[in-house]
Amino acid sequence: MSMLHIVNKSPFERGTLDSCLKTSLDGSSVLLIEDAVVGAVKDSSCSDQITAAIASKKVFVLGPDLNARGFTDADIIDGIKTVDYSGFVDLTTENDNVQSWL
Amino acid sequence: MMEAWEEGDNPMKKFMFVNRKAPYGTVYALESLEVVLISAAFDQDVSLAFVDDGVYQLKKDQNTDGIGMKNFSPTYRALGDYDINKLFVEQESLTERGLKLEDLMALTYEDEDDDWAEKTSIQVVTRAELADLMDQQHVIISS
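On a predicted model such as this, the values are computed, not experimentally measured, just so you know.

Each value, and the rule that gives it
Residues numbered from 1 in each chain as written. Chains lettered and ligands numbered in written order. Predicted model: local features only at pLDDT ≥ 70, side-chain atom pairs only at ≥ 80, totals over all residues. Pairing = 2+ DSSP bridges. Helix = DSSP H or I, 4+ residues; strand = E, 2+ residues; numbered from the N terminus. Axes fitted to C-alpha atoms, helices over the stretch in contact; angles between N-to-C directions. Contact = placed C-beta atoms within 7 Å. Nonpolar A, V, L, I, M, F, W, Y, C, P; charged D, E, K, R; others polar. Buried ≥ 20, exposed ≤ 12 C-beta atoms within 10 Å, placed from the backbone. Right-handed = clockwise from strand over helix to strand, strands pointing away. Core = buried A, V, L, I, M, F, W, Y, C linked by C-beta atoms within 7 Å.

Trainee: Sorry, what's going on with the sheet that holds strand 2 (residues 45-50) of chain B here?
Mentor: Residue and element names in this part refer to chain B. In space, the five strands of this open sheet follow the order 6-3-2-1-7, with parallel pairing throughout. The open sheet is flanked by strand 6 (122-125) and strand 7 (139-142), the only strands paired with a single partner. Sheet twist, expressed as the mean angle between neighbouring strand axes with direction ignored, is 25°. Where helix 1 (residues 28-39) meets the sheet, it contacts strand 1 (14-19), strand 2 and strand 7, and its direction lies at approximately 165° from that of strand 1. Across the sheet, helix 3 (residues 127-135) touches strand 1, strand 2, strand 3 (87-90), strand 6 and strand 7, and the angle it forms with strand 3 is around 140°.

Here's what the structure looks like:
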């Protein structure tokens, strides 16, 4: 079973990304949307944790939410893939199940 | 002895708006900015603090075309025209998020006491300095 994990809150103010990364199985997909996109930015206090996760999981960030907050692909951690809304839909259909971490 | 929050000879009070949330994901940042603009009408000593995820509110190059929401970041540029020119950004919050002062919008005001010289409204302060600034306020509104 492949699972898409969706996180929508900033890792600096909520523990949902941390819980998601600790609970999700290797090979799963993790998509950062809304305020969670700031977790994808390089050189922050949580970038080491994301970089470690990329070794065993696929990490995505929603481009429109990233751009709204003033960041572009050049600002994000290597190995994180940017998707648009249709890419978001593709992820939900490619995976067997979806878990939203609220 | 009169307490700091009691009205003395000078009715001007020190208001600080503390912003702790990223824009767009929740409505807090926009609502706080609206209240700040309203507060300008009351001729008070207003300052803003940006801490934790609040520092993202001042990130430059915000582009909301893809999310169907209004980009309200240019509104911060108007604050200087309303004599709101003390925007304190916490250094530790920037560093934790991999951000530098150069990543923020350049916000300025014209100093009427200095031949309308253009000056920066943003001051980066340490957590300890911000604690002292908060201690000097009559009213603190956090969001």
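Now, onward.
Trainee: How should the sheet that holds strand 5 (residues 97-101) of chain A be read in this particular structure?
Mentor: The strands making up a sheet associate through backbone hydrogen bonding, with each pair oriented either parallel or antiparallel. All names here are of chain A. If you walk across this open sheet you meet the five strands as 4-3-2-1-5, and the pairing is parallel. Looking along the sheet, the strands with just one partner apiece sit at the ends: strand 4 (81-83) and strand 5. With strand direction ignored, the average angle separating the axes of adjacent strands in the sheet is 25°. In terms of strand pairing, strand 1 (residues 3-7) meets strand 5 through five bridges, oriented parallel.

Trainee: Please explain the interface of chain B and chain A as it appears in this structure.
Mentor: One widely used convention gives an interface's size as the accessible area the parts lose upon coming together. Each partner contributes to the interface: chain B provides 19 residues, whereas chain A provides 19 residues. When grouped by side-chain class, the residues that make up the side of chain B that touches chain A number six nonpolar, six polar and seven charged.

Trainee: I tried to follow the environment of Gln123(B) on my own but got confused; where do I start?
Mentor: All names here are of chain B. Here glutamine 123 lies in strand 6. Spatially, the C-alpha atoms of glutamine 123 and phenylalanine 88 are 4.9 Å apart, while their sequence positions differ by 35 residues. Each residue touching glutamine 123, except ones within four places of it in the same chain, is listed here: Leu87 and Phe88.

Trainee: Got a minute to help me understand the pairing of strand 1 of chain B in this structure?
Mentor: A regular strand places its side chains so that they alternate between the two faces of the sheet. Residue and element names in this part refer to chain B. With five of six residues buried, strand 1 is to be regarded as a mostly interior element. Strand direction decides the pairing type here: strand 1 and strand 2, joined by six bridges, are parallel. Bridge pairing in strand 2 links lysine 14 to aspartate 45. Regarding the hand of the β-α-β motif, the stretch spanning strand 1, helix 1 and strand 2 is right-handed.

Trainee: Is there a simple way to explain the nonpolar core in this structure?
Mentor: Burial of nonpolar side chains together is a common tendency in soluble globular proteins. Counting 54 residues, the largest nonpolar core has Leu31(A), Leu32(A), Val37(A), Ala40(A) and Val61(A) as its most contacted members. Not counting the four nearest positions on each side in its chain, Leu32(A) is found in contact with Val7(A), Val37(A), Gly39(A), Ala40(A), Phe60(A), Val61(A) and Leu62(A).

Trainee: Looking at this structure, I do not really get the pairing of strand 3 (residues 58-62) of chain A. What am I missing?
Mentor: Residue and element names in this part refer to chain A. Of all five residues in strand 3, four are buried, a share of seventy percent or more. Note that strand 2 (residues 29-32) and strand 3 share four bridges and pair parallel. The residue of strand 3 that forms the bridge with leucine 31 is phenylalanine 60. Crossover connection from strand 2 via helix 2 (residues 47-54) to parallel strand 3: handedness right-handed.

Trainee: Any chance you could explain unusual backbone geometry here in plain terms?
Mentor: A negative phi holds for most residues other than glycine; trans holds for most peptide bonds. Residue and element names in this part refer to chain B. Look at aspartate 115: it is not a glycine, yet its phi comes out positive at around 55°. Relative to the helices and strands, aspartate 115 is located in the loop between strand 4 (108-111) and strand 5 (117-120). Aspartate 115 sits in the exposed class, given 7 other C-beta atoms within 10 Å. The backbone phi angle of tryptophan 116 is positive, close to 55°, even though this residue is not glycine. With respect to the helices and strands, the residue tryptophan 116 is situated in the loop between strand 4 and strand 5. Note on tryptophan 116: 10 C-beta atoms within 10 Å, which makes it exposed.

Trainee: What is the right way to look at the environment of Lys81(A) in this model?
Mentor: All names here are of chain A. By the secondary structure assignment, lysine 81 is in strand 4. By the C-beta count within 10 Å, which is 17 here, lysine 81 ends up partly exposed. For the pair formed by lysine 81 and cysteine 20, sequence separation is 61 residues and the distance between their alpha carbons is 18 Å.

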